[in-house]
Amino acid sequence: MDIPVFILAGLLVHFVFLVSIFDIYFSSPLVHGMTPQQTPLPPPAKRLVLFVADGLRADSLYELDGNNTSHAPYLRAILENNGSWGISHTRVPTESRPGHVALIAGFYEDVSAVAKGWKENPVEFDSVFNESKYTWSWGSPDILPMFAKGATGDHVYTFCYTAESEDFGAQDASKLDTWVFDHVKSFFNSSRSNQTLFSALNEEKVVLFMHLLGIDTNGHAHRPNSREYKENIRKVDEGVKEIASMLESFYGNDGKTAFILTSDHGMTDWGSHGAGHPSETLTPLIVWGAGVNYPQQVTSQFFEDNVLKEWKLENLKRLDVNQADIAPLMASLIGVPFPLNSVGTLPLEYLNNSAHFKAESMFTNAVQVLEQFKVKMNQKKATTLSFLFTPFKPLSDSEQINFLKKTRLYIQQQKYDEAVSLCKTLINLALEGLSYYHTYDRLFLGLSVAMGFVGWTTYVILVIVKTHTNLTKTVQSSDKESAALLYGFTFVGMMITFFLLIQTSPWTYYIYCLLPVPVWYAVMRELHVIQNLAANLWSLPISQSLGFILISILGIEILVFSFFYRATLTVGLLVFAGWPVITQLWVQAKTTTLIWTVLCALLAVFPLMPVVGREPNIPLVIAAGLLTLLISGFSLASSCKSENKYRNNEDMKVHFYQMLSIALSTYVVSNTHNSLKNKQGLPVFNQIISWTTLVSSSVLPFLGPTFLFQRLFSILLSLMATYLLLSTGYEALFPLVLSGLMFVWIHMEQEALQHYGLSLKPKLAVFNFAYATDITQFRQLHLDDIRRSFFFVFFIVTAFFGTGNIASVNSFDPASVYCFLTVFSPFMMGGLLVLKVVIPFVLVSCAFEAVQVTTQLSSKSLFLIVLVISDIMALHFFFLVKDYGSWLEIGTSISHYVLVMSLTMFMMLMNGLAQLLTTKRLDLSRRTKHHAT
């Protein structure tokens, strides 16, 4: 197979494997075509007011400060005297979009929806707003349009401030909430002189929604334990009090208004959210007004979190709900149909109504969930052959009718408690059934993908053995055998296609099921290689073969383990530090070995440090900048002293410019931090320098010489300037230590080559990348090259996890991007954070490129071994993916798999990028006079 074809095939195969996980585990649970269900009795409220305090943690609202006073005195008084309260448990991903969808539409979006955009609907869904007569909403342009666009007809109205207002570096983000409260007040004042609006506001089934983003913005900018965050809670409390009293007087205290205050997600102590930490998943819920229960006194109640005593709320009944339960609660209070896709269970304890009303509402809830189950079952039935279809037994057609008849009878006989408990059983069974049909094809698809994966890895191993080792002899297979093989696999492919066609399967199923066919065909064509390899392995002593296999498995398991426990990397690096001693390498290179051991030990410290961003430490970033300047100054002085004939004036200019970039970056980080601390925003000058540095750092390495260490040092300086701008603490030192180790690694590999007598030692100082690719005499692979490849994968994983577990969304710190922008922009901020992760990755890839060319190996051969190692890791994580258990585990399992798959695809691209960065040179001056080279 040609190299470009092989790379394209590799990228395609890995892309399919990466996407498959979302089809297998996390496809959208939504179904369409249900009949709306509505409680037949009159509702207690005519209108509902929903306050969503974005990013508000439960403990921040309920806890008391040192003087035993609440941060929100009005809301505290409400839950003590007028309403019901509890904790709303959110799900991963704890982001604004899925949180609002769960609150207002009553279902949990699949994980992939976060990537599909914020302001649009990746999938059409029904919501309480859509079912209302009128909804007026005020707040963020990131949230409100989503519910207006999904609504049928023209009855959901939005009033948003500009996206630019969401500035993390602004003087005070609570002004976003003040804007909402002021606009609601002026809206109601203007309605007095607008008869159409006035009569619309007095209709039944009206929703007023206020999205309050200030708390979230202040939490990101200053952390949830800051004065700003707590002050913002106080302002929201005052605003809620003003709005409630204004509405009561507007409606003449008619007692027909219900109020709900909650949050879409919480926030970690370090100001981020997205994962499943309790600080992110526990949000407050306070409900009061028409149709809502008054506080209920209890003598004792037990919850696992044991926080009631701390909040001094142990004697007031706490009513916990799942976030999706709030949508049916809102629908029941104002008497609108339950949202069609809602999977919430109506929390009856919040309702202050007759037992009959509660039983009817619960029955409506059960029928609405059952409707979804029936649609899902019919969909699956229609796309499965009748003799292969296995129905969900607990809810067969007769069982469904039985449940509904029994419940209706209980309600007629006024046995309301029995009716309610039967409805709850039916809801739970329907949800189980929904999950059963949603995951119906999981095993079949999982096995197909795993077969393709194993086939691909086997094929790569065969390519390595065949083209880069002396283990096999070339054998021509007969045309007859080749034709039989081709026809055989074509027949299998046709059978699979026919089977999928008659089941009218989705088009993605064709890809997952047919992909293993050409992959295994390619493997079977190399049958003679497998036979030769087996014969060679049998000829080796069994202990040697087993030992090698065991060490390989142990190495890969350590890499897998490091995704869960960063400290594993420390252990690995300490083993690396002892590698020259174990292999007797230190005898021939004592100084290099000493430096190697010291740098391995230094790098081993980083995985033990707390995850980046928990506490900014700007002096460390400045120290890293100054240290980089010192090293580059020293390097410049030494090259001048040795009158290096390989350097010329142009190269000196580039070096000076890179030093200037480092100095400017150090200044910008320090100055921006002080400016934001003093709430003066991000200075424009600093922003211009940051973006200029980012652009120039991608060009500058191409202007320097292509000699091995000079080019690698040039790449380090350029990338370091950008990395400093994205750093907030100790991680600024990470690329320096990592690069130091990479430089020594290149030297150590030279010693290893000599040690095994594989080649003569080239002079590294004059080694030129530009001519390295012309080496015609590549050597064959040696067993030690597997160790080389393992080192590379280990260093890549260290580059990823060295400064924090980036497999968790909440470990990103938005403060990292404040030198570039402070206005909320999820994709721009995400892009910059990804760049920060990629920079150490590039440094390792370039060093690996240097190792390949200096050890006289074809870059493809080592890279193929790397591919095998990372594919085996990916297969591990494929089977470790979960969609059950705690939300923290689910989120972690997805991100681990996505990370390893992206890593593999990324390494293919990085291999090309490293070659480009090390070998290409831009000659801007077009000089006619040639300098010595």
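Let me begin by describing the structure that accompanies this report. What you see is a predicted model; the values in this text were computed from it and never measured. (Residues numbered from 1 in each chain as written. Predicted model: local features only at pLDDT ≥ 70, side-chain atom pairs only at ≥ 80, totals over all residues. Heavy atoms only, no water.)

1. Some remarks on helix H18 (residues 479-502)
Because an α-helix packs 3.6 residues into every turn, residues spaced three or four apart end up facing the same way. Between the first and last C-alpha of H18 there are 35 Å, a value that for 24 residues agrees with the 34 Å anticipated at 1.5 Å per step. Looking at the residues trailing H18, positive phi occurs at Thr504, about 40 degrees. (Helix = DSSP H or I, 4+ residues; strand = E, 2+ residues; numbered from the N terminus. Expected span 1.5 Å × (residues − 1).)

2. Looking at the pattern of salt bridges
Summed over all chains, the structure comprises 18 salt bridges. Close ionic contact of Asp269 with Arg57 constitutes a salt bridge, the shortest N to O distance being 2.8 Å. With Asp269 in the loop between strand E6 (257-262) and helix H11 (278-281) and Arg57 in the loop between strand E1 (47-53) and helix H2 (58-62), the pair connects residues that are 212 residues apart, well separated along the chain. Its salt-bridge partner being Glu526, residue Lys466 comes within 3.2 Å of it at the nearest N-O pair. One end of the pair, Lys466, is in helix H17 (residues 442-468); the other, Glu526, is in the loop between helix H20 (516-525) and helix H21 (527-539), and 60 residues separate them in sequence. Of the residues examined, Lys466 reaches a relative accessible area of 39% and is grouped as partly exposed. Glu526 gets classed as buried once you look at its relative accessible area, which sits at 12%. Sharing partners across several salt bridges, the network here consists of Glu749, Asp785, Arg787 and Arg788. (Salt bridge = Lys/Arg side-chain N within 4 Å of Asp/Glu carboxyl O. Buried < 20%, exposed > 50% of the residue type's maximum accessible area, 1.4 Å probe, protein only.)

3. Considering the sheet that holds strand E3 (residues 134-139)
Read from one edge to the other, the open sheet built from eight strands follows the order E4-E3-E5-E1-E6-E7-E2-E8, with strand pairing classed as mixed. Of all the strands in the sheet, the pair left with one neighbour each is strand E4 (156-160) and strand E8 (321-322). The pairing of E1 with E6 spans six bridges and is parallel. Each residue of the ladder has a partner; that of Phe51, found in E6, is Leu261. (Pairing = 2+ DSSP bridges.)

4. Focus: the pairing of strand E2 (residues 84-89)
Among the six residues of E2, five are classified as buried, and the element is accordingly described as predominantly covered. Direction of pairing for E2 relative to strand E7 (residues 282-289): antiparallel, over a ladder of six bridges. Bridge pairing in E7 links Trp85 to Ile286. Alignment of E2 against E8, held across two bridges, turns out to be parallel. Across the sheet, Ser88 pairs through a bridge with Val321, a residue of E8.

5. Let's talk about the packing of helix H22 (residues 542-562) against helix H31 (residues 784-801)
Where H22 meets H31, the closest approach of the two axes is 10 Å, and the angle between their N-to-C directions is 10 degrees. By the angle between their directions, the pair H22 and H31 is classed as roughly parallel. Contacts from Phe548, Gly555, Ile556, Ile558, Leu559 and Ser562 in H22 reach Ile786, Phe790, Val793, Phe794 and Val797 in H31. Looking at the contact of H22 with H31 residue by residue, the class counts come to nine nonpolar, two polar and no charged. (Axes fitted to C-alpha atoms, helices over the stretch in contact; angles between N-to-C directions. Parallel < 35°, antiparallel > 145°, perpendicular 65-115°, else oblique. Contact = heavy atoms within 4.5 Å. Nonpolar A, V, L, I, M, F, W, Y, C, P; charged D, E, K, R; others polar.)

6. Let's talk about the packing of aromatic side chains
For the structure shown, the criterion picks out 52 aromatic pairs. Ring geometry for Phe107 against Phe125: centres 5.5 Å apart, planes inclined by 70 degrees, an arrangement best described as edge-to-face. Of this pair, Phe107 sits in the loop between helix H4 (96-105) and helix H5 (128-131) while Phe125 sits in the loop between H4 and H5, and the two are 18 residues apart along the sequence. Under the relative-accessibility criterion, Phe125 is labelled buried at 7%. (Phe/Tyr/Trp six-rings, centres within 6.5 Å; stacked < 30°, edge-to-face > 60°.)

7. Overview of the nonpolar core
Within the largest apolar cluster, 141 residues are counted, with the highest numbers of intra-cluster contacts made by Phe576, Trp596, Leu741, Trp745, Phe795, Met873 and Tyr897. Counting 67 residues, the second largest nonpolar core, distinct from the first, contains Leu50, Ala105, Met377 and Phe389. (Core = buried A, V, L, I, M, F, W, Y, C linked by side-chain atoms within 4.5 Å.)

8. Brief notes about the environment of Met330
Considering the arrangement of structural elements, one finds Met330 in helix H13 (residues 326-334). You can call Met330 buried: its relative accessible area is 0%. In this structure, the C-alpha to C-alpha distance between Met330 and Arg47, residues 283 residues apart in sequence, is 9.7 Å. In this structure Met330 touches Leu48, Leu50, Leu103, Ile104, Val128 and Ile260, once residues within four positions along its chain are discounted.

Keep in mind these numbers describe shape, not what the thing actually does.
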